[in-house]
Amino acid sequence: MIKHYILSLNPTAKHDWDRCILRDPLTAKRPDIAKLVAEAVGADTGSYLVSVNIEVKVLEQATVVQAEQLSLNVSEVNEKPQLREVA
């Protein structure tokens, strides 16, 4: 059984669970690996000793675009436009 997933790595993520994310490319859901193994074993009740072979091939890598830092002139922000009273 061959499944394709999108792996997102972000070692600087705020939370541990956001540092390594595996998602289905169509639904964006996180795969339930235990359910996939159970489907491969079958529906018979019992305990199984299984061997799982995970082969990883990078098919494409999307580059992360760094957000450009914009300089902000504080004096321009602090200037308030003159408002005229409407009579």
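For the structure itself, consult the block above.
Keep in mind that this is a model prediction, so the values were computed, not measured.

Provide a residue-level description of the overall build of the protein, including the pertinent values.
Each helix and strand in the protein was counted, giving two helices and two strands. Along the protein, helices (α) and strands (β) appear in the sequence β-β-α-α when read from the amino end. By residue count, 3% of the 87 residues in the protein fall in the buried class. Of the contacts made within the protein by residues no fewer than 6 positions apart, 15% connect residues no fewer than 24 positions apart. Here the protein displays about 9300 Å² of accessible surface, and carbon together with sulfur accounts for 54% of that area.

Tell me about the pattern of salt bridges, and please be specific about residues and values.
In total, this model carries two salt bridges according to the counting rule given. The partner of Lys 57 in a salt bridge is Glu 55, and the shortest N-O contact between them spans 3.7 Å. Here Lys 57 and Glu 55 have matching classes, each one exposed.

Give a description of a nonpolar patch on the surface that names residues and reports values.
On the surface, a cluster of nonpolar side chains totalling about 580 Å² of accessible area is made up of Val 41, Tyr 48, Val 50, Val 52, Ile 54 and Val 56. Among the residues examined, Val 56 registers a relative accessible area of 70% and is labelled exposed.

Hey, could you go over unusual backbone geometry for me, with residue numbers and the actual values?
Residue Ala 28 is not a glycine yet carries a positive backbone phi of 65°. For Ala 28, the position within the fold is in the loop between β2 (20-23) and α1 (33-41).

Kindly report on the environment of Asn 10, identifying the contributing residues and their values.
Relative to the elements of secondary structure, Asn 10 occurs in the loop between β1 (6-9) and β2. For Asn 10, a relative accessible area of 35% translates into the label partly exposed. Distance from Asn 10 to Cys 20, taken between C-alpha atoms, is 6.5 Å for residues 10 residues apart in sequence. For Asn 10, the contacting residues outside a window of four places in its chain are Asp 18 and Arg 19. Within the local environment of Asn 10, its side chain forms a polar contact with the side chain of Thr 12, the two groups lying 2.9 Å apart.

Procedures and definitions
- Residues numbered from 1 in each chain as written.
- Predicted model: local features only at pLDDT ≥ 70, side-chain atom pairs only at ≥ 80, totals over all residues.
- Heavy atoms only, no water.
- Helix = DSSP H or I, 4+ residues; strand = E, 2+ residues; numbered from the N terminus.
- Buried < 20%, exposed > 50% of the residue type's maximum accessible area, 1.4 Å probe, protein only.
- Contact = heavy atoms within 4.5 Å.
- Areas by Shrake-Rupley, 256 points an atom, 1.4 Å probe, with all protein chains shown as cover.
- Salt bridge = Lys/Arg side-chain N within 4 Å of Asp/Glu carboxyl O.
- Patch = residues over 30% accessible without salt bridge, like charges linked within 9 Å, V, L, I, M, F, W, Y side chains within 5 Å.
- Polar contact = N/O pair within 3.5 Å; in protein donor to acceptor, adjacent residues only side chain to side chain.

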